[in-house]
Amino acid sequence: MTAKQHSDLTADSIEFECELPDPPEKVWRALTVPDLLAAWMMPNDIKPEIGSRFAFAKPDAPIECEILDAEPERLLRYSWRERPAPGSAADPLDSPMDGSMDSIVTFTLDRTVSGGTHLRIVHDGFARVATPAVAGAGCRLSLNAHNPRQTIAANTPRLSLRAA
């Protein structure tokens, strides 16, 4: 990671990096084709065009997103607005007062010398409210939050590439 990339991280961001054997074209499809992205994350209606809005379908409440930047096979950035379902109680230690979460997700794809992809995912505004599961093998996860209560990791993007 370069010094500039590291300085881009905020105190409440998580970073996930890995080398994938698949070319950026295939990784891009896995991140931007609704059915392929759903295999890794959640059902969605993504359109990788700047300004387009889409949602990830969660059982209790959708996650509303907007494409902020899209450079095919290189960069995808979108807002992530998660609201609690009506009537659900938010954990006051993990969430703002209303249980909402506004954050930004950035995927950066760089072609490797071998023709694969170096994938970097940064989720700004996520670490202060989330406690996801364990990271995939062979990938590096960096946590820029200083909260000993947190257990931060990420799903491995490798799962989404099987059909891409």
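Refer to the structure printed above.
Heads up: these notes are all about the structure in this document. (Residues numbered from 1 in each chain as written. Predicted model: local features only at pLDDT ≥ 70, side-chain atom pairs only at ≥ 80, totals over all residues. Heavy atoms only, no water.)

Looking at the pairing of strand β5 (residues 101-111)
Working note: regular strand, side chains alternate between the two faces of the sheet. Worth spelling out the cut-off: Note on pairing: DSSP must find at least two bridges between two strands before they are called paired. Comment: elements are numbered from the N terminus, with helices defined as DSSP H or I runs of at least four residues and strands as E runs of at least two.
In terms of strand pairing, strand β4 (residues 75-82) meets β5 through 8 bridges, oriented antiparallel. If you follow L76 over to β5, its bridge partner there is F107. Two elements, β5 and strand β6 (residues 117-124), share 8 bridges in a ladder whose sense is antiparallel. The residue bridging I104 from the neighbouring strand is D124, located in β6. In sequence, β5 turns back onto β6 through a hairpin of 5 residues, with G115 there showing a positive phi of about 95°.

A closer look at the side chain of S103
Rules: N or O atoms closer than or at 3.5 Å make up a polar contact, with two conditions inside protein: a donor-capable atom paired with an acceptor-capable one, and, for residues adjacent in sequence, both atoms drawn from side chains.
Positionally, S103 belongs in strand β5. Separated by 2.7 Å, the side chains of S103 and H123 make a polar contact.

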